[in-house]
Amino acid sequence: MPVRMIEILIKNGRLIDPANNRDEKCDLAVTGGKVAKIARGIKGKAGRTIDADGLIVSPGLIDAHVHCREPGHEEEETIASAAAAAVAGGFTTICAMPNTHPPIDDETAVNYVISRGQKAGLARVLPVGCITSRREGKELAEMGMMKSAGAVAFSDDGDGVACSGVMLKALQYARMLDVPIMQHCQDADLAGGSMNAGPVAVRLGLGGMAAAGEQIMLRRDLELVERTKARYHVLHVSSAGSVDLIRQAKALGLPVTAEATPHHLLLTDEACATYDSNYKMNPPLRSASDMQALRNGLADGAIDSLASDHAPHTEEEKELEFGVAPFGIISLECALGLYIKALIDSGALDWPGLIRCMTAGPAKTIASGRPGLGSLSVGADADITIIDPDARWTVDANSFASLSRNCPYHGWKLKGRAVVTVVAGQIKHSLL
Amino acid sequence: MAKREFSSARSSAPVEAGEDGQFVWTRKDLLGLDELSERQIVHILDTAESFKEVSTRSIKKVPALRGKVVGLLFFEDSTRTRMSFELAASRMSADTILFTSKGSSVAKGETTLDTVRNIEAMGVDIFVIRHGQSGAPHVIARKVKSSIVNAGDGSHEHPTQGLLDIFTIRQRLGRVKGLKAAIVGDIAHSRVARSNIIGLQKLGAEVVVVGPPTLVPPAIKEMGCSISHDLDEILPQVDVVNMLRIQFERFTGAGAAFPSMREYANMYGLNAARLKRCKKNILVMHPGPINRGLEITTEVADGPNSCILQQVTNGLAVRMAVLYLVSQAAEK
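Residues numbered from 1 in each chain as written. Chains lettered and ligands numbered in written order. Predicted model: local features only at pLDDT ≥ 70, side-chain atom pairs only at ≥ 80, totals over all residues. Heavy atoms only, no water.

A look at the overall build of chain A
- Looking only at helices and strands, chain A features 13 helices and 18 strands.
- Relative to the 2.2 N^0.38 estimate, which gives 22 Å for 432 residues, the radius of gyration of chain A is 21 Å and therefore close to what a compact globule would have.
- Each of the three principal axes of chain A carries a C-alpha extent, and together these read 65 × 45 × 45 Å.
- A total of 432 residues make up chain A; the buried ones form 61% of that total.
- Element-wise, carbon and sulfur atoms account for 50% of the exposed surface of chain A, whose accessible area totals about 15400 Å².
- Seen as two clouds, the 43 positive and the 51 negative side-chain charges of chain A have centres 8 Å apart. (Helix = DSSP H or I, 4+ residues; strand = E, 2+ residues; numbered from the N terminus. Rg over C-alpha atoms; globule rule 2.2 N^0.38 Å. Buried < 20%, exposed > 50% of the residue type's maximum accessible area, 1.4 Å probe, protein only. Areas by Shrake-Rupley, 256 points an atom, 1.4 Å probe, with all protein chains shown as cover. Lys, Arg positive; Asp, Glu negative; His and termini not counted. Charge placed at Lys NZ, Arg CZ, Asp CG, Glu CD.)

Here you go:
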């Protein structure tokens, strides 16, 4: 067998690969764009040798919840700019949410997202298709054809599927296709506000969105999941009650996964007190006890993964009054540091735990048919993120690759960031 | 409280001493009562006291704001507040410019901030802003240099209304501390309620809010007041009752907030029969405009316990005081 040239040799790093229960100091060799060898003291010539002493070598990070805004709002973000932001933040795979204009609700649109992602050639961009045609919540979209085209999951994100009959049919299809339904749990009749319902909203005179609105839809969906046994993923869990419901569902053995966002792990509704719309998102920031429940949920496995819900908006839109400004903030390029602050510094997770929630965790939801995604298994595509856990840096939204600046973390001092991002054996981002 | 004399000569303005360690007003904006201390609220009331006399003169004008421009920006309908501010500004000899959103560039899609920045570029010293969105003046205040006076933002605060209500209570009942006040009706959507709850409590009054649970959010308790759904139980206990207008225009979400106007008037309307069970000197207030027959009957609104028109009169003095104080602070 001919000896192939090592393309990248990463030496002396702390290699953490939760999918393979690995956490040890060793070397990793990339050959042919794949993970070729993991061992101590790998010898040989390499195209690029990276000394990772003091650094963490992780499977490429995955963010399964990114709004790329293309097609329709290219002034806010494009698939290429989102992919650039992803690799700058250490993410090798992102899922593109389908609430674009027009929405990603058929095979052609799915192909478009895939081709734009390939053209950008940065992070992997995996499309999420709509559950319903035109995101109207009325008729199923062509889930089967979209899956064949490469859609990894289905969601009407931005809205929950309000009609129980439609949701049941969607889950039946999801079960047949073995794809997850990603639900934005929000009862439509209890929506309409602009922040968490509670004392802060009352004081500020802003319309509230009660946590009950999330939990009502989640409870209904869990009934349907129990009946259909379809894979079901809870997007951006925000309330303590929802964490409990998910924990109970998992105890019953239901095929449920869930994600939490940096903002729900670090901020509470008190942040809305200055009417700064960079604290307006959906679901809204909730109370300190909700925030703690989310951290606990990640610690005990009720919540599987971390996702940014990166939601770009222009400055003009975000300059509108709090009540009418659009929901959403961006954090793709600083998410890793935020997770470290929320989860490692607080003691909720250790490093293998955190990396699991950013690799194997989201892969459990989106990686069916993509063996090796979210792992450093030998033979898998070499998607690798090298993290300097001690790097101290200040978030500067003006330096983002993202086209938008609606980031409440601008100016935050963080510890820990991705220093090298490798996608399929190619270095797409490097601070070394 | 000692009544201060207001001198028409600006150089000798009595309330702005300072050099000898006296209280000095330093806020260039008035966004809400939430941000004010008890002492600052009392200072505005005392300043208003000194301006009240101006309106009794045959020539109702002082030169305190001569050469200043007050921009009245009303992004939401208003009659009495707008006219009150306009008159207050002209009695202080300021020039006023008026902007209302109807038929304006807002309809063409210009943002509030762009509108304000454009008008500021014309050279405006004080903006008086009424806006349908909570927090709108707060965001504007961070982006412009002119003084901002909140003339009511969404369901958040209406600080000059709160001040004139407290001013009127102090005038009629001689004190605020130790009084018990009921605020009745649409608490959920009322900026008048919030400014009253905050201001009255800061000055030592006790506040109970009364209304159906659909219009009284439980979390309002965290602002320090108590909650009741039974008007008849509360009325005999209170010294002041402030009847709010039902803000149908702010109702959102599924269904109406109460089954019918008839039932609402029956349960929460102030009528002569209810007034009889109140303390003899109970002060009946209403921020206007009144829905006669719904939250208050004509008999009560126009009766001897009512101070509704006095509130309007006092509003002028309070607004003169506010414009004067923010203008002084902006000059420092």
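A word on the overall build of chain B
- Looking only at helices and strands, chain B features 11 helices and 9 strands.
- Rg of the C-alpha trace for chain B: 20 Å, near the compact-globule value of 20 Å for 332 residues, within the 12% margin.
- Reported as C-alpha extents along the three principal axes, the dimensions of chain B are approximately 55 × 50 × 40 Å.
- A buried classification covers 58% of the 332 residues belonging to chain B.
- Taking all contacts inside chain B whose residues are at least 6 apart in sequence as the whole, residues at least 24 apart take part in 74%.
- Carbon and sulfur atoms make up 51% of the accessible area of chain B, which amounts to about 13600 Å² in all.
- Once the 42 positive and 35 negative side-chain charges of chain B are each reduced to a mean point, those two points are 3 Å apart. (Contact = heavy atoms within 4.5 Å.)

Thoughts on the packing of helix α6 (residues 211-228) of chain A against helix α7 (residues 240-251) of chain A
Residues and elements named next belong to chain A.
- Two elements in contact, α6 and α7, have axes whose closest approach is 9 Å; the angle formed by their N-to-C orientations is 10°. When the axis of α6 is compared with that of α7, the two are roughly parallel. Like other packed secondary-structure pairs, α6 and α7 cross with a definite hand, here right-handed. Facing α6, whose interface residues are Glu214, Gln215, Leu218, Arg219 and Leu222, α7 presents Gly241, Ser242, Leu245, Ile246 and Ala249.
- Taken together, the residues of the contact of α6 with α7 sort by class into 5 nonpolar, 3 polar and 2 charged. (Axes fitted to C-alpha atoms, helices over the stretch in contact; angles between N-to-C directions. Parallel < 35°, antiparallel > 145°, perpendicular 65-115°, else oblique. Left-handed = near helix turned anticlockwise from the far one by under 90°. Nonpolar A, V, L, I, M, F, W, Y, C, P; charged D, E, K, R; others polar.)

Remarks on the sheet that holds strand β2 (residues 95-100) of chain B
Residues and elements named next belong to chain B.
- Strand order in the open sheet formed by 4 strands is β2-β1-β3-β4, and the pairing between neighbours is parallel. Each of the sheet's edge strands pairs with one partner strand only, and the pair in question is β2 and β4 (147-153). Taking the axes of each pair of neighbouring strands and ignoring which way they run, one obtains an average angle of 15° across the sheet.
- The pairing of strand β1 (residues 69-74) with strand β3 (residues 126-131) spans 5 bridges and is parallel. Looking across to β3, one finds that glycine 71 is bridged to phenylalanine 127. (Pairing = 2+ DSSP bridges.)

Things to note about the pairing of strand β3 (residues 34-39) of chain A
Residue and element names in this part refer to chain A.
- Relative to β3, strand β2 (residues 22-31) runs antiparallel, the two being bridged by 5 bridges. Bridge pairing in β3 places threonine 31 opposite lysine 34.
- Between the end of β2 and the start of β3, which pair antiparallel, lie 2 residues, with glycine 32 showing a positive phi angle near 60°.

Remarks on the domain arrangement of chain B
All names here are of chain B.
- By the assigned domains, chain B splits into domain 1 (9-157 + 315-331) and domain 2 (159-311).
- Just the C-alpha atoms count here: the centres of domain 1 and domain 2 sit 26 Å apart.
- On the side of domain 2, 25 residues touch domain 1, which itself brings 34 residues to the contact.
- Of the roughly 2300 Å² buried between domain 1 and domain 2 on both sides combined, carbon and sulfur atoms contribute 60%. (Domains from an automatic or database assignment. Buried area = accessible area lost by both parts, 1.4 Å probe.)

Structural notes on the sheet that holds strand β8 (residues 240-243) of chain B
All names here are of chain B.
- Taken in spatial order, the 5 strands make up an open sheet running β7-β6-β5-β8-β9, and their pairing is parallel. Single-partner strands in this sheet number two, and they are β7 (226-228) and β9 (283-285). In this sheet, adjacent strand axes meet at a mean angle of 20° when their direction is disregarded.
- In the sheet, strand β6 (residues 206-210) pairs with β7 via 3 bridges, with the strands oriented parallel. Along β7, the bridge assignment pairs valine 208 with serine 226.
- Running over the sheet, helix α5 (residues 159-173) touches β8 and β9 and is turned about 160° from β9.

Considerations on a negative patch on the surface
Residues and elements named next belong to chain A.
- A contiguous patch of negative charge, built from Glu74, Glu75, Glu315 and Glu316, is present on the exposed surface.
- Locating glutamate 315 in the fold gives a position in helix α10 (residues 315-318).
- For glutamate 315, a relative accessible area of 56% translates into the label exposed. (Patch = residues over 30% accessible without salt bridge, like charges linked within 9 Å, V, L, I, M, F, W, Y side chains within 5 Å. Salt bridge = Lys/Arg side-chain N within 4 Å of Asp/Glu carboxyl O.)

As for the pattern of salt bridges
- Applying the stated rule across the entire model yields 34 salt bridges over all chains.
- Glutamate 49 of chain B is the salt-bridge partner of arginine 170 of chain B, the closest N and O atoms lying 3.1 Å from each other. Of this pair, arginine 170 of chain B sits in helix α5 while glutamate 49 of chain B sits in helix α1 (residues 38-52), and the two are 121 residues apart along the sequence.
- In this structure, the salt-bridge partner of aspartate 232 of chain B is arginine 274 of chain B, at a minimum N-O distance of 2.8 Å. With aspartate 232 of chain B in helix α7 (residues 231-234) and arginine 274 of chain B in helix α9 (residues 272-276), this pair connects stretches of sequence that are 42 residues apart.
- For arginine 274 of chain B, a relative accessible area of 6% corresponds to the buried category.
- Within the structure, one salt-bridge network assembled from shared partners comprises Lys34, Arg124, Asp381 and Asp383 of chain A.

Quick word on the pairing of β4 of chain B
Residues and elements named next belong to chain B.
- Of all 7 residues in β4, 7 are buried, a share of seventy percent or more.
- Direction of pairing for β3 relative to β4: parallel, over a ladder of 5 bridges. Its bridge partner being in β4, histidine 131 is matched across the sheet by aspartate 153.
- After leaving β3, the chain enters helix α4 (residues 136-143) and then returns to the sheet as β4, a path that is right-handed. (Right-handed = clockwise from strand over helix to strand, strands pointing away.)

Side note on the interface of chain A and chain B
- Chain A puts 16 residues into the contact, and the matching count from chain B is 23 residues.
- Together chain A and chain B conceal approximately 1600 Å² of surface at their shared face, both sides included; 59% is due to carbon and sulfur atoms.
- At the junction of chain A and chain B, the tally comes to 2 salt bridges.
- Salt-bridge contacts for glutamate 319 of chain A lead to lysine 143 of chain B; the nearest nitrogen and oxygen are separated by 3.7 Å.
- Inspection of the region where chain A meets chain B yields 6 residue pairs in polar contact (both at pLDDT 80 or more). (Polar contact = N/O pair within 3.5 Å; in protein donor to acceptor, adjacent residues only side chain to side chain.)

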